[in-house]
Amino acid sequence: MNVLVIGSGGREHALAWKLAQSAIVDTVLVAPGNGGTAAEPGVENVDVAAEDIDGLVELAKSREVGLTVVGPEAPLAAGVVDRFSAEGLKCFGPTAAAAQLESSKAFAKQFLSDHRIPTADWIVVEDVEAGMDFARGHALPLVLKADGLAAGKGVVIAEDMATVEATLKDMLSGDAFGAAGHRVVIEEFLIGEEASFIALVDGTDIVALATSQDHKQRDEGDRGPNTGGMGAYSPAPVITPELEQNVLETVIRPTAEGMAADGHRFTGFLYAGLMVTRTGAKVLEFNVRMGDPETQPILMRLQSDLAEVLLAALDGRLAEVELDWDPRVTIGVVMAAGGYPEAYRKGDAITGLDTDWPETVKVFHAGTAIDNGQTVTAGGRVLCVTAIGESLEQAHGEVYRWLPRIGFANAYWRGDIGHRALARDKSS
């Protein structure tokens, strides 16, 4: 059968790469794809935008697509799954109503409270004074989040009251995040270590994916502005087997059951961004799709047939699925354009992609395009170089040994991806 992957980033390249390995897949179409998916064996780019739902439906019908996998959040929030389902097409992901877990921070926080799922103390405000009243009654720092979709960047950690006020004004009246910021969630700052917990959900049954940890800050030492993610690794040792079971029982299962009870049956990738505190894991936010860059190291470890697994979930057979994982460790490091996440250049030639890469290294494309036969930069996060090794230390050494062979103008990457787990290894 043919498979369609919707999106153009590093997550979508990784999904297409893994799906192309399936014994039941003929061709993987990616709409619109990037420079990496254009060159991936068994994969074909199609010039249809990720939010052109009419065009995507037409594509799926004309190319006899048997399974569609949605990469980014925007088409999910726009109802792409609803539309595909109405047309009798199999599409893996939540409906628009279920996607509110990500598309509205306010919806997610209310859901967490209603179903007694651990999270930070919070409030939703639509004016500056209400926000300041909440801030005056809570210890600093505070976390301010734009309510809607903001590509992973609509979060500000305010260390003082002046920053709280300035951020509220910027989000609510300054239109810093457009419609996404017309309501703001303010919540207490949780102290601990972040981790990404992603599970497959078919409405009732749950299968956890390998754990991972993302690095959101642009600069080394987890400093600087928030980004979509500068690197990730899997597994994340902060999620012990005991904690994994606890998260499944206190977060993932209650979320699946709660969504069904509320009339928003959830099918898709359920991603809980967690803060592991001294008193246990608490939910920072939900995503309703695979993370980027977590997808790249996670799928590099997956040995099961991804297409068969997703079809089983769509058919309500997830209880029959047991995933097979490579026991080794993977780490992915994002190569970004200088200036990201603010203004950055596009169209710079990328060299070194034709390197004879070892089997332990895979270069996933994100913000790339083909211009007159040359691969060029076309986004803020350009590539994610991913490596696998017997230990995190070995994978870390491998990725940083091979990554510098790639070059483009003002390329930037963090040199400390995985530092928390490496420090944990050394201390133990």
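Calculation notes
Residues numbered from 1 in each chain as written. Predicted model: local features only at pLDDT ≥ 70, side-chain atom pairs only at ≥ 80, totals over all residues. Heavy atoms only, no water. Phe/Tyr/Trp six-rings, centres within 6.5 Å; stacked < 30°, edge-to-face > 60°. Helix = DSSP H or I, 4+ residues; strand = E, 2+ residues; numbered from the N terminus. Buried < 20%, exposed > 50% of the residue type's maximum accessible area, 1.4 Å probe, protein only. Patch = residues over 30% accessible without salt bridge, like charges linked within 9 Å, V, L, I, M, F, W, Y side chains within 5 Å. Areas by Shrake-Rupley, 256 points an atom, 1.4 Å probe, with all protein chains shown as cover. Salt bridge = Lys/Arg side-chain N within 4 Å of Asp/Glu carboxyl O. Expected span 1.5 Å × (residues − 1). Arc of directions from axis to C-beta. Contact = heavy atoms within 4.5 Å. Polar contact = N/O pair within 3.5 Å; in protein donor to acceptor, adjacent residues only side chain to side chain. Axes fitted to C-alpha atoms, helices over the stretch in contact; angles between N-to-C directions. Parallel < 35°, antiparallel > 145°, perpendicular 65-115°, else oblique. Left-handed = near helix turned anticlockwise from the far one by under 90°. Pairing = 2+ DSSP bridges.

(A) The packing of aromatic side chains, seen in detail. Under the counting rule described, the total for this entry stands at four aromatic pairs. Here the aromatic rings of W17 and F364 are separated by 5.3 Å at their centres, their planes lie at 75°, and the arrangement is edge-to-face. One end of the pair, W17, is in helix 1 (residues 10-20); the other, F364, is in strand 19 (residues 361-365), and 347 residues separate them in sequence. Residue classification places W17 among the buried positions, given a relative accessible area of 16%.

(B) Region of the structure containing a nonpolar patch on the surface. Taken together, the side chains of I157, F189 and I191 present a nonpolar region at the surface, about 290 Å² in accessible area. Structurally, the position occupied by I157 is in strand 8 (residues 155-158).

(C) Here's a closer look at helix 9 (residues 161-172). For helix 9, spanning twelve residues, the distance from its first C-alpha to its last is 16 Å, which sits close to the expected 16 Å at 1.5 Å a residue. Within helix 9 the residues assigned to the buried category are V164, T167, L168, M171 and L172. The buried residues of helix 9 occupy one face: seen down the axis, they fall within an arc of 110°. Packing partners of the buried residues in helix 9 comprise strand 6 (122-125), helix 8 (128-136), strand 7 (142-146), strand 8 and strand 9 (184-188). The backbone nitrogen of A162 lies 3.2 Å from a side-chain oxygen of the residue at the head of helix 9, namely D160.

(D) Quick peek at the packing of helix 13 (residues 392-402) against helix 14 (residues 419-427). Relative orientation of the contacting elements helix 13 and helix 14 amounts to 135°, with a least axis distance of 10 Å. One finds that helix 13 runs oblique with respect to helix 14. When the axes of helix 13 and helix 14 are compared, the crossing they make is left-handed. Residues L392, E393 and H396 of helix 13 form the contact with helix 14, whose participating residues are A421, L422 and D425.

(E) Inspection of the pairing of strand 19 at higher detail. With respect to burial, strand 19 is a largely interior element, five of its five residues being buried. Taken together, the five bridges between strand 19 and strand 22 (residues 381-389) define a ladder with antiparallel strand orientation. If you follow V361 over to strand 22, its bridge partner there is A387.

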